[in-house]
Amino acid sequence: MCRGDDPNCTHFAEHRRRFLGDLAPERRAFLKSGFVATGGAAAMAAGGLSLVGPALAQTSAKGIRQTAHYHLPATAETVHWGYFSKLLKPQVEIASGDYVTIETLTHHANDDAERMVTGDPGAESVFLWTKEKKGVARRGAGPETGPLGPGGGLGVHICTGPVAIRGAEPGDVLEVRILDVAPRPCANPAFKGRSFGSNAAAWWGYHYKDMITGDRTREVVTIYEVDVSGARDWAKAVYNFRWPGVTDPFGVAHPTIDYPGIPVDHANTQRNFDVLKGVRVPIRPHFGTMGLAPREADMVNSIPPSYTGGNIDNWRIGKGATMYYPVAVPGALFSVGDPHASQGDSELCGTAIECSLTGTFQFILHKKADLAGTALETLDFPMIETQDDWVLSGFSYPNYLADLGPEAQSEIFSKSSIDLAMRDAFRKMRSFLMQAKGLTEDEAISLMSIAVDFGITQVVDGNWGVHAIVKKAIFADRPS
């Protein structure tokens, strides 16, 4: 039955209205609770320091006369799995200033289909996999033919979109405000009022070859529960299980987690419900993968992040944050996925709490011709702004697709290092402080050492990341 997530339903609009009405009290409580990122775009626009100064804001707003609000559900028809592409047909085309509510699904939902797929029409259409067919055949940027299936698993994230922004051209900057984040409620009546996510300590994790107990190489999946009512601002572990080795419906064996969305038959697992007892995991809902289509290749693996964003995996990209992206292709082509309920800096074991979320976004286009003399004039990387901070994303290779040549999408996985990512973050912060804040190089270097925090974003996405955080309050007395 359509729950307001099947646009092909003849009564879609009415079902959607009812669904949102039923969810509203729980959703409001969730948003008022302490487990979404603090701050908000409205607060920044109301007088807080922002990368977009009053002059640029007024210029960019001139063409915004009336805004529209769109809804983009997550179904087999609206997602692309495991890749970004400048060739994708937009799912919706919007104008600058418009709002879009976008549903996102975790690619780990089949780790426990009973809790994360069953009864949910959108998720069921995406994760459909029988002997006869898959709901979404291509999973990754690899070739159509291969032992693991189309796409080869060279990219794993279910991305909803793309959203095309009318008039966006290379050289422009797209501002994306995250106004709202809510967990996707479990559709199975047995688990009403809850949401679930999966954490896989997997073979690509930093820990994998450095185990000290038991079998020295093992993959362990932990299922977590999230309360969508907002009464609890933390997640708790439900159970864990060791990856048993799975044979998919097409008869292909997967001794490790080597292809996304593999259905796990729990008749073949040993579930341990005595796990992390008494431990509360603070909730920080955010989108691990969010960004624009790059220009360098027709199809790009969703795993390594790059200059147009993608799989940055920074928990600060949640409610109240604003992202700035350099536009690389006409229309920008924004997609979002890899939703997380929580993650620590580094994402050490390979994944976060991978949990389906729905976000509401506003898109503001800043044209290249209007950027001269502004903080966004030289922006050529994804940048995060919160109410209190500016966060710059450094990568081992700032644009690995261009930096590493024709074999970039394979070579990036063997060439990344924290040293390289740290240097990129340092250089970006130095440039930002000099260009956007008018500091000399000597001033910028001193300030970075005494007041800028550098942290490890992730060490599991091929193109490793280091972020640099500077407090806005530092510049409260400095003339703009």
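Just above sits the structure.
Let us look at the structure shown here.

Definitions and limits used
- Residues numbered from 1 in each chain as written.
- Predicted model: local features only at pLDDT ≥ 70, side-chain atom pairs only at ≥ 80, totals over all residues.
- Heavy atoms only, no water.
- Helix = DSSP H or I, 4+ residues; strand = E, 2+ residues; numbered from the N terminus.
- Buried < 20%, exposed > 50% of the residue type's maximum accessible area, 1.4 Å probe, protein only.
- Contact = heavy atoms within 4.5 Å.
- Areas by Shrake-Rupley, 256 points an atom, 1.4 Å probe, with all protein chains shown as cover.
- Pairing = 2+ DSSP bridges.
- Phe/Tyr/Trp six-rings, centres within 6.5 Å; stacked < 30°, edge-to-face > 60°.
- 1 Å grid on protein atoms, 1.4 Å probe; cavity = no way out; pocket = protein on both sides within 12 Å on 5 of 7 lines; lining within 4 Å.
- Points joined across faces, edges and corners; volume = space filled by probe spheres on them.
- Core = buried A, V, L, I, M, F, W, Y, C linked by side-chain atoms within 4.5 Å.
- Axes fitted to C-alpha atoms, helices over the stretch in contact; angles between N-to-C directions.
- Expected span 1.5 Å × (residues − 1).
- Arc of directions from axis to C-beta.
- Polar contact = N/O pair within 3.5 Å; in protein donor to acceptor, adjacent residues only side chain to side chain.
- Nonpolar A, V, L, I, M, F, W, Y, C, P; charged D, E, K, R; others polar.

## Remarks on the overall build of the protein
Logical step 1: A tally of regular secondary structure across the protein gives nine helices and 24 strands.
Logical step 2: The burial tally for the protein puts 57% of its 480 residues in the buried class.
Logical step 3: Taking as baseline every contact in the protein between residues at least 6 positions apart, the subset at least 24 positions apart corresponds to 78%.
Logical step 4: About 19900 Å² of surface is accessible on the protein, with carbon and sulfur atoms providing 52% of the total.

## Thoughts on the pairing of strand β8 (residues 194–201)
Logical step 1: The buried fraction of β8 amounts to seven of the eight residues, a majority that puts the element mostly inside the structure.
Logical step 2: In terms of strand pairing, β8 meets strand β9 (residues 220–227) through eight bridges, oriented antiparallel. Pairing of N199 across the sheet is with T222, part of β9.

## Considerations on the packing of aromatic side chains
Logical step 1: This structure, assessed with the given rule, holds 14 aromatic pairs.
Logical step 2: Ring plane angle 65 degrees and centroid distance 5.6 Å describe the contact between W390 and F432, whose orientation is recorded as edge-to-face. Taken as a pair, W390 in strand β22 (residues 389–395) and F432 in helix α8 (residues 418–435) lie far apart in primary sequence, 42 residues in all.
Logical step 3: The exposure class of W390 is buried, given its relative accessible area of 0%.
Logical step 4: Residue F432 is classed as buried on the basis of its relative accessible area, which comes to 6%.
Logical step 5: Among the aromatic residues, those joined into a cluster by ring pairs are F287, F334, F361 and F363.

## Quick look at the layout of surface pockets
Logical step 1: Each pocket or cavity is described by its volume, and for the largest pocket that value is around 800 Å³.
Logical step 2: Taken together, 39 residues make up the lining of the largest pocket; nearest its centre are W203, W204, I303, F413 and V460.

## A word on the nonpolar core
Logical step 1: With 32 residues, the main nonpolar core has M290 and F334 as its most contacted residues.
Logical step 2: Leaving out residues up to four positions away in the same chain, M290 has contacts with V176, I178, G309, G310, I317, M323, Y325, F334, S335, V336 and F361.
Logical step 3: Among the nonpolar cores identified, the runner-up in size contains 30 residues, and A109, Y239, W243 and Y259 belong to it.

## Describing the sheet that holds strand β21 (residues 383–385)
Logical step 1: If you trace the nine strands from one edge of the open sheet to the other, you get β1-β5-β20-β7-β17-β21-β22-β24-β23, paired in mixed fashion. The open sheet terminates on both sides in strands that have one partner only, identified here as β1 (69–72) and β23 (453–458). Going across the sheet, the axis of each strand differs from the next one's by a mean of 25 degrees, ignoring polarity.
Logical step 2: Judged from the 10 bridges that link them, strand β7 (residues 173–183) and strand β20 (residues 357–366) form a sheet pairing that is antiparallel. The residue of β20 that forms the bridge with R177 is Q362.

## Some thoughts on the side chain of N240
Logical step 1: Inspection of the secondary structure assignment puts N240 in strand β10 (residues 234–242).
Logical step 2: When sequence neighbours within four positions are dropped, the list of residues in contact with N240 reads V220, V221, T222, Q270, R271, N272 and V275.

## Structural notes on unusual backbone geometry
Logical step 1: Omega for the peptide link from G161 to P162 comes to 5 degrees, which places this bond in the cis form.
Logical step 2: Looking at the secondary structure, you find P162 in strand β6 (residues 158–165).
Logical step 3: At D313, a residue that is not glycine, the phi angle is positive and equals roughly 60 degrees.
Logical step 4: If you trace the backbone, D313 turns up in the loop between β16 (309–310) and β17 (322–326).
Logical step 5: Under the relative-accessibility criterion, D313 is labelled buried at 1%.
Logical step 6: Despite not being glycine, A332 shows a phi value in the positive range, around 70 degrees.
Logical step 7: Residue position: A332 is located in the loop between β17 and β18 (334–342).

## Looking at the environment of A113
Logical step 1: Its place among the elements puts A113 in helix α4 (residues 113–116).
Logical step 2: Sequence separation between A113 and V264 is 151 residues; the distance between their C-alpha atoms is 7.8 Å.

## Focus on α8
Logical step 1: For α8, with 18 residues, the first-to-last C-alpha span of 25 Å sits near the 26 Å given by 1.5 Å per residue.
Logical step 2: Regarding α8, the residues found buried are A421, D424, A425, K428, M429, F432 and L433. The arc that holds every buried residue of α8, seen down its axis, measures 160 degrees, which confines them to one face.
Logical step 3: Buried-residue contacts for α8 involve β21, β22, α9 (441–451), β23 and β24 (465–471).

## Details of the side chain of H157
Logical step 1: Tracing the sequence through the fold places H157 in the loop between α5 (121–127) and β6.
Logical step 2: The exposure class of H157 is buried, given its relative accessible area of 4%.
Logical step 3: Side chain to side chain, H157 and S302 meet in a polar contact 2.8 Å long.
Logical step 4: Leave out the neighbours within four places in its chain, and H157 touches H80, W81, G82, H107, T289, S302, I303, N311 and D338.

## Points about empty space enclosed by the protein
It is the rolling of a water-molecule-sized probe over the atoms that shows where space remains empty.
Logical step 1: Scanning the model with the defined rule gives three cavities of 30 Å³ or more in all.
Logical step 2: What the largest cavity holds in volume is close to 110 Å³.
Logical step 3: Lining the largest cavity we find 16 residues, and of these R115, M116, R184, P185 and C186 sit closest to its centre.
Logical step 4: The set of elements that each furnish at least two residues to the lining of the largest cavity consists of α4 and β8.
Logical step 5: Of the residues in the lining of the largest cavity, the class split is seven nonpolar, five polar and four charged.

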